[in-house]
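Descriptive analysis of the structure
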Amino acid sequence: MSPGFAIKDVGDVAADYLGLETRGERARLYHNNHDGTFTDVTKDAHLDKVLLGMPAISADLDNDGYLDFYLGTGDPDLSTLIPNRMFSQC
């Protein structure tokens, strides 16, 4: 089991949303520095959350010229059924 799926149930996602303690792994976003290294930009992008993501798609979903991404969420155990998430650049 990967750390991202180490949550007990949807309560871990809710606890993170409320700023409470949770054992779920937070999402990570890295910027490619084009020199063989990457910079963690998760907090700058406001993605330091327990998202429980599975598939992800990046596209200009709102046709504003900036890439957005849609994150399918879930777990093989349906006790963690939560809404999918879309992140749009403003």
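Rules used throughout
Within every chain, residues take consecutive numbers counted from 1 along the sequence as written. Totals for whole chains, interfaces and linings use every residue, but because this is a predicted model, local features are given only for residues with pLDDT of at least 70 and side-chain atom pairs only at 80 or more, for both listing and counting. Side-chain descriptors were evaluated using all non-hydrogen atoms of the structure, hydrogens and water having been removed beforehand. Each residue gets a pLDDT score, which is the predictor's confidence in that residue and runs from 0 to 100. Only runs of H or I of at least four residues qualify as helices and only runs of E of at least two qualify as strands under DSSP, and these elements are numbered from the N terminus. A pair of strands is treated as paired once DSSP finds two or more bridges between them. Burial classes: relative accessible area under 20% of the type maximum marks a residue as buried, over 50% as exposed, and values in between as partly exposed (1.4 Å probe, protein chains only). Pairs of residues are marked as contacts when any of their non-hydrogen atoms sit within 4.5 Å.

With respect to the confidence of the model for the protein chain
- Counting all residues, the mean pLDDT for the protein chain is 82, and 90% of those residues have values of 70 or more.
- For the protein chain, strand β3 (residues 53–59) is the element with the lowest average pLDDT, namely 82, and strand β2 (residues 38–40) is the one with the highest, namely 98.

Quick notes on the pairing of strand β4 (residues 68–73)
- Across five bridges, the pairing between β3 and β4 is antiparallel. Directly across from Ser 58, in β4, lies its bridge partner Phe 69.
- Bridging between β4 and strand β5 (residues 85–87) involves three bridges; their strand directions are antiparallel. Paired with Tyr 70 across the two strands is Met 86, which belongs to β5.

Some words on the environment of Pro 55
- Within the element layout of this structure, Pro 55 appears in strand β3.
- Judged by its relative accessible area of 52%, Pro 55 falls in the exposed class.
- Separated by 13 residues in the primary sequence, Pro 55 and Asp 68 have C-alpha atoms spaced 14 Å apart.
- If sequence neighbours within four positions are ignored, Pro 55 has contacts with Tyr 70, Leu 71 and Gly 72.

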